Amino acid sequence: MSETVTLPLHMRRAGFDPDPELGRLREEEGVRRVMTPLGQQAWIVTRHADVRMVLGDAERFPLARQGLARLPGAPEFTEEQLAQLQAGNLLAHDPPEHTRLRRLLAGEFTLRRMRRLEPRITRIVAEHLDAMERAGSPADLVPAFALPIPSLVICELLGVPYADRDGFQRRTSRMLDMSAPPQERVAAQLESRAYMTELVGRVRAEPGDELLGMLVREHGDALTDDELVGIGSLLLVAGHETTSNMLGLGTLALLRHPEQLDLLRKEPDRIDAAVEELLRWLSIVHSGTLKVAAAEVEIAGHTIRPGELVMCSLPTANRDPAVLPEPQALDISRGAPGHLAFGHGVHHCLGAPLARMEMRIAFPALLERFPGLRAAEPGGRFRAFHVVYGLTSLPVEW
């Protein structure tokens, strides 16, 4: 249970903000030794320039071979089984393997391809707003709007039956819950792979127009079934979990900052800048991929030796006063140039164009449909123990 689990420093928040200790760490030390969720020591890097350097240098800071299957208390896996669990997962590979996989996928996530999805995303958003309006005020924005829209979009993109959403949402929530026992988190991962293995088998037999079908038709000989399962599993999790939490938290952030909300209502063409600022200010992914130093390197005056683990704090890096003035303030007029909410370097989020499009469509549509939208009691419930920060509920009225 969460009461018995100590939240790692890099995951600690105070509402929308990083824990004050993280801010002091950035200003005073820059880096510090901390304990990872796996019970290992690692350096946490907090300044924007240093985080950008670590994430952008895959040679000096390759991926640490971690994962749910290596959690203390997890079942024993052979190296062959671990390799199978990591196959196709972009977040488990560095170049050249990562380059090969990403090249096969990149064409499906270009801005041009995403624009093809715009009319369908617009209809999905409108349908959920219609349902909210019919049901009437009040409503919980998380299950009524924030969670189902990205879920339906990624289901249609991948070719996952939307009727299966309750299952994959439940499994994803368990996998990313730091307070859950390791055995349960690993079991959820194995269940997810079993589900995706069955789906890949069906797509292999009869590939359609969805992304998985395209991969089978165009790259079927270059990708094993395990790799297709890994690709599908990662995209399914990342495709709904991140954007849904941005929609929920982003709406609450605007409601809590009425001057920013009024500015966006009066000048809706600011939506692109607003999305970037919300991404920066919220930084719902606590850290970039866990790295290991491949050579001795100095960061913020501290010597990091080969073999030592390194993690990056994205929320503190995105609020670094060395990068922009008044970083603690939410200001949709600035557009948040250079933020790291999608990471940086070779592991920069592949789905960033899709996430941006969903938010650019969903936020204005919600605010236009319900001009009197306001947070209702008891207020939004923050979700502290998850790998992706967000809300479990957001009661609203209009």
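None of these values were measured; they are calculated from a predicted model. (Residues numbered from 1 in each chain as written. Predicted model: local features only at pLDDT ≥ 70, side-chain atom pairs only at ≥ 80, totals over all residues. Heavy atoms only, no water.)

A.B. asks: Can you help me understand the overall build of the protein chain in this one?
C.D. replies: Each helix and strand counted, the protein chain has 15 helices and 13 strands in total. Expected size for 398 residues packed as a compact globule is a radius of gyration near 21 Å; at 21 Å, the protein chain falls within 12% of this value. Counting only C-alpha atoms, the protein chain reaches 60 × 55 × 40 Å along its principal axes. Here the protein chain holds 398 residues, and the buried ones make up 54% of them. Counted over contacts in the protein chain with a minimum sequence separation of 6, partners at least 24 positions apart contribute 71%. (Helix = DSSP H or I, 4+ residues; strand = E, 2+ residues; numbered from the N terminus. Rg over C-alpha atoms; globule rule 2.2 N^0.38 Å. Buried < 20%, exposed > 50% of the residue type's maximum accessible area, 1.4 Å probe, protein only. Contact = heavy atoms within 4.5 Å.)

A.B. asks: I'm lost on the sheet that holds strand β6 (residues 291-292) in this one. Help?
C.D. replies: Working definition: the strands of a sheet are paired by backbone hydrogen bonds and lie parallel or antiparallel to each other. If you trace the 4 strands from one edge of the open sheet to the other, you get β3-β4-β9-β6, paired in mixed fashion. Two strands bound the open sheet, and with one partner strand each, they are β3 (31-35) and β6. The pairing of β3 with strand β4 (residues 41-45) spans 5 bridges and is classified as antiparallel. Bridged to Met35 within β4 is Gln41. With respect to the sheet, helix α2 (residues 48-56) is in contact with β4, β6 and β9 (309-312), its orientation differing from that of β9 by roughly 125°. (Pairing = 2+ DSSP bridges. Axes fitted to C-alpha atoms, helices over the stretch in contact; angles between N-to-C directions.)

A.B. asks: Explanation requested: the environment of Asp57 in the structure shown.
C.D. replies: Here Asp57 lies in the loop between α2 and α3 (79-86). Between the C-alpha atoms of Asp57 and Val346, which are 289 residues apart in sequence, the distance is 8.6 Å.

A.B. asks: I keep staring at helix α12 (residues 258-266) and nothing clicks. Help me out?
C.D. replies: Within an α-helix, residues lying three or four positions from one another point in the same direction, as the helix has 3.6 residues per turn. Within the sequence span of α12, burial applies to Gln260, Leu261 and Leu264. On an axial view of α12, the arc spanned by its buried residues comes to 100°, and they lie on one face. Tucked into the core, α12 has its buried residues touching α11 (225-256), α13 (271-282) and α15 (352-369). (Arc of directions from axis to C-beta.)

A.B. asks: Any chance you could explain the pairing of strand β12 (residues 390-393) here in plain terms?
C.D. replies: On a regular strand, one side chain projects to one face of the sheet and the next to the other, so that they alternate. Pairing of strand β11 (residues 381-383) with β12, which is carried by 3 bridges, proceeds in the antiparallel orientation. Paired with Arg383 across the bridge in β12 is Gly390. Linking β11 to β12, which pair antiparallel, is a turn of 6 residues.

A.B. asks: Which parts of the structure should I look at to understand unusual backbone geometry?
C.D. replies: Trans peptide bonds make up most of the peptide bonds, and negative phi angles are found at most residues other than glycine. A cis geometry characterises the amide bond from Pro95 onward to Pro96, with omega recorded as 5°. Relative to the assigned elements, Pro96 resides in the loop between α3 and α4 (97-106). With omega at 0°, the peptide bond leading from Ser137 into Pro138 counts as cis. By the secondary structure assignment, Pro138 is in the loop between α5 (111-135) and β5 (139-140). One non-glycine residue, Glu326, lies in the positive phi region at around 45°. Inspection of the secondary structure puts Glu326 in the loop between α14 (314-317) and α15.

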